[in-house]
Amino acid sequence: MIALTHELAELTGESPSRLYQWAKDMDLPVPRARQTFYTGIKKDLNNTDWVRKCEACSTSECRMGSYPMACELRIRVVSLLTGFRRDGQSDSRCQLILVLGYEVCSSLLHFRIYRGSKYEGEMKEMPLHHRIPVHVLADFVTDVAKMVGLPLQRVLLTQRLTDFPDMAKNEVAFLSLNEGRFIVRGKNDALADNELPCALAGVVFRPTGGFDTLEGDHPFVLECRNTNATALTDRLSTLVNRHNHLHAEERVKSARKAFAALRKQSLDRQQERYAPTRWSLPVPPFILRVDRHRYLEDLYSLYDVRFFRRQYVTIPYSEKSGPFADR
């Protein structure tokens, strides 16, 4: 539970108090006393002091019920060098990559699982992937954006999980969901459709490299060895589904209504201001701004927001393009 809590703390940026309440709501194995929980998460698995590396989340500007325009998506990768029960019988291993997402204002969670090819040589010689391609990140962000159904203000990476561009002080990295790549622009430059500001949400990042891979007797690694791919996906789906049902669905529902009301209000005001007129009405600035988020034209229903299943993805290894070459 401690290992899971640390990953959730890094992903969500939420306080220990809120993480404890979530765990209790989902009947996860947490101690009865909050203080015991707080004391436990101050140490890592090696009994040394644990410090969160990424910045805490903030909902000070988030008004989901009245002005839902400050949605913020946080993303994290958990990489494991492990093997499922069947892999253990053949003495093979694989790298398992879990991409996790958390939208701060709605508390919505999402995940995808990727698996590389089996590897039966010496484990120390196994090629590990320390980054995911940008187009995989863009696909994942698009999924979450359609689940939330609101404009995303920005995307925060809690690790250097992909090839992130270097920038000058007056520049911003934008993730293009259409092109599956980063585009560096000036802070005041005009944006194209489906471009979202993207930043690193931490203070301790290596200048090169990427995310680490957990190995050995880590609880996540051991958990996989006693199950199979389908069972793991189902278990994570159940947890995410239940969390979203308890904490995210109603927020998403009310925020979508508020957003629709804002659009209508903007159009009505424009009509009152210029009508009657023989000419076509200019598009209100608010509509121009939100219509750049083209992913809002094809939303998932609230049933899908709870969690929509995806087929477990096995991806062959490629020296040239990494494990996602044939996706």
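Look above for the structure.
Structural notes, computed from the coordinates. (Residues numbered from 1 in each chain as written. Predicted model: local features only at pLDDT ≥ 70, side-chain atom pairs only at ≥ 80, totals over all residues. Heavy atoms only, no water.)

Re the overall build of the protein chain
When its secondary structure is counted, the protein chain shows ten helices and nine strands. Residue pairs at least 24 apart in sequence account for 71% of intrachain contacts in the protein chain once pairs closer than 6 positions are excluded. Carbon and sulfur atoms provide 49% of the accessible area of the protein chain, an area that totals close to 17,300 Å². (Helix = DSSP H or I, 4+ residues; strand = E, 2+ residues; numbered from the N terminus. Contact = heavy atoms within 4.5 Å. Areas by Shrake-Rupley, 256 points an atom, 1.4 Å probe, with all protein chains shown as cover.)

What to know about the pairing of strand 7 (residues 195-200)
Bridge count between strand 4 (residues 152-157) and strand 7: three bridges; the pairing is parallel. Among the inter-strand pairings, L156 is bridged to a residue of strand 7, identified as A199. Where strand 5 (residues 171-176) lies against strand 7, four bridges are found, and the strand directions are antiparallel. Bridge pairing links S176 to E195 in strand 7. (Pairing = 2+ DSSP bridges.)

Describing the side chain of T213
Tracing the backbone shows T213 in strand 8 (residues 213-214). Here the side chain of T213 touches S79 through a polar contact of 2.8 Å, side chain to side chain. Looking at T213, its side chain comes within polar contact range of the side chain of Q95, at 3.3 Å. Residues within four places of T213 in sequence aside, it is in contact with S79, L80, L81, Q95, L128 and H129. (Polar contact = N/O pair within 3.5 Å; in protein donor to acceptor, adjacent residues only side chain to side chain.)

Details of the packing of aromatic side chains
Across all of its chains, the model carries four aromatic pairs by this definition. Between Y20 and F37, the ring centres sit 5.1 Å apart and the planes meet at 55°, which makes this aromatic pair tilted. Of this pair, Y20 sits in helix 2 (residues 16-25) while F37 sits in helix 3 (residues 34-40); the two residues are 17 residues apart in sequence, bridging distant segments of the chain. Note on accessibility: Y20 and F37 belong to one class, buried. Here the aromatic residues Y20, F37 and Y38 are joined through ring pairs into a cluster of three or more. (Phe/Tyr/Trp six-rings, centres within 6.5 Å; stacked < 30°, edge-to-face > 60°. Buried < 20%, exposed > 50% of the residue type's maximum accessible area, 1.4 Å probe, protein only.)

Here's the deal with the state of the cysteines
For the structure shown, the criterion picks out one disulfide. Across the disulfide, C62 is cross-linked to C105 (sulfur-sulfur distance 2.2 Å). One end of the pair, C62, is in the loop between helix 3 and strand 1 (71-82); the other, C105, is in the loop between strand 2 (94-103) and strand 3 (108-115), with 43 residues separating them in the sequence. With relative accessibility at 18%, the residue C62 sits in the buried group. With relative accessibility at 5%, the residue C105 sits in the buried group. Sulfur of C94: no disulfide; nearest cysteine sulfur belongs to C224 and is 7.9 Å away. Residue classification places C94 among the buried positions, given a relative accessible area of 1%. (Disulfide = S-S within 2.5 Å.)

Side note on the layout of surface pockets
In this model, the largest pocket occupies a volume close to 900 Å³. Along the wall of the largest pocket there are 33 residues; nearest its centre are L4, L8, F220, L236 and L239. Elements represented by at least two residues in the lining of the largest pocket include exactly helix 1 (2-12), helix 2, strand 1, strand 2, strand 3, helix 6 (219-225) and helix 7 (229-247). The leading source of residues in the lining of the largest pocket is helix 1, at seven residues. Counted by class, the lining of the largest pocket contains 26 nonpolar, four polar and three charged residues. (1 Å grid on protein atoms, 1.4 Å probe; cavity = no way out; pocket = protein on both sides within 12 Å on 5 of 7 lines; lining within 4 Å. Points joined across faces, edges and corners; volume = space filled by probe spheres on them. Nonpolar A, V, L, I, M, F, W, Y, C, P; charged D, E, K, R; others polar.)

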